[in-house]
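If you want the building blocks of each chain, they are given just below.
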Amino acid sequence: MRHIISVLLENEPGALSRVVGLFSARGYNIESLTVAPTEDSSLSRMTIVTAGSDEVIEQITKHLNRLVEVVKVYDLSEGAHTERELMLIKVRAVGKEREEMMRITDIFRGRVIDVTDKSYTIELTGDSAKLDAFIESIDKSAILETVRTGASGIGRGERILRV
C-alpha cells in the first residue's frame, strides 16, 4: 500500500542523507522525496512517498523516530489529507497538434508556460493519478521531456505536524 510520510527534522547538513541512508540500508524504496525549510528556518519538512504493508511502515516510522535530527514523524495516509504534485512537461506542438494539446491542457486545468513554434511547456498540479492521466491522454511520441516534483501533502482540518 502507498503511504505518504511527513517528517519534521532539523534543518542541518547531513540530515537528508541520514534519512535516505536509513531507507537504503533496510531495503525500503522511496518513490518520491520532497524537502524544504518550514516557516521556522531551523526546521525542514520532508515528504516521503513509499509503499509497504502496515508493519513495514510502522518499522520505517520507528527507525525515523530514532534519528537524532528527526523531530516528528507522521503518516498522512492514516487520515484525511490533501496531496499535490507539480509536473512540467514539454510536448511537441506543431500544426493540428497545437490546438489538441491546448484542449487537453484546458481539460486538466493546466497552464502553458512556454511556447515555441514547435513545442509547449505545460504546468500541471494535482495528485499523482491526475498527472498520470494527463500523460496517458496525449500521444507518447509528443512528449519531449517530463519533470515531476513528487508528492507534497498536508493533513486536513485539525491535523497539524508541528513541534
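The paragraphs below set out a description of the structure included in this document.

Analysis parameters
Residues numbered from 1 in each chain as written. Predicted model: local features only at pLDDT ≥ 70, side-chain atom pairs only at ≥ 80, totals over all residues. Heavy atoms only, no water. Helix = DSSP H or I, 4+ residues; strand = E, 2+ residues; numbered from the N terminus. Contact = heavy atoms within 4.5 Å. Polar contact = N/O pair within 3.5 Å; in protein donor to acceptor, adjacent residues only side chain to side chain. Salt bridge = Lys/Arg side-chain N within 4 Å of Asp/Glu carboxyl O. Phe/Tyr/Trp six-rings, centres within 6.5 Å; stacked < 30°, edge-to-face > 60°. Buried < 20%, exposed > 50% of the residue type's maximum accessible area, 1.4 Å probe, protein only.

Moving on: the environment of S6. Tracing the sequence through the fold places S6 in strand β1 (residues 2-10). Here the alpha-carbon distance between S6 and K72, two residues 66 residues apart in the chain, equals 8.3 Å. In contact with S6, not counting residues within four places along its chain, are R45, M46, T47, K72, V73, Y74, L76 and L161. Engagement of the side chain of S6 in a polar contact is seen with the side chain of R45, the distance being 2.8 Å.

Looking now at the pattern of salt bridges. Once their charged atoms are close, side chains differing in charge can pair, the charge on each being opposite to the other. What the rule picks out here adds up to ten salt bridges. A salt bridge links E12 to R18, with the nearest nitrogen and oxygen atoms 3.9 Å apart. For R18, the salt bridge is made with E69, and the minimal N-O distance between the two is 2.4 Å. Of this pair, R18 sits in helix α1 (residues 15-25) while E69 is found in the loop between α2 (54-66) and β4 (70-75), placing the two residues 51 residues apart along the sequence. Salt bridges here are not isolated pairs; linked through shared partners, they connect E12, R18 and E69.

Moving on, we come to the packing of aromatic side chains. Enumeration according to the criterion identifies two aromatic pairs in this entry. For the pair F23 and Y28, a centre-to-centre distance of 6.2 Å together with 80 degrees between the ring planes defines the contact as edge-to-face. When its relative accessible area of 1% is taken as the criterion, F23 is described as buried. Here F108 and F134 contribute two aromatic rings whose centre-to-centre distance is 5.4 Å and whose plane-to-plane angle is 90 degrees, an arrangement assigned as edge-to-face. Of this pair, F108 sits in the loop between α3 (96-107) and β6 (111-115) while F134 is found in helix α4 (residues 128-137), placing the two residues 26 residues apart along the sequence.

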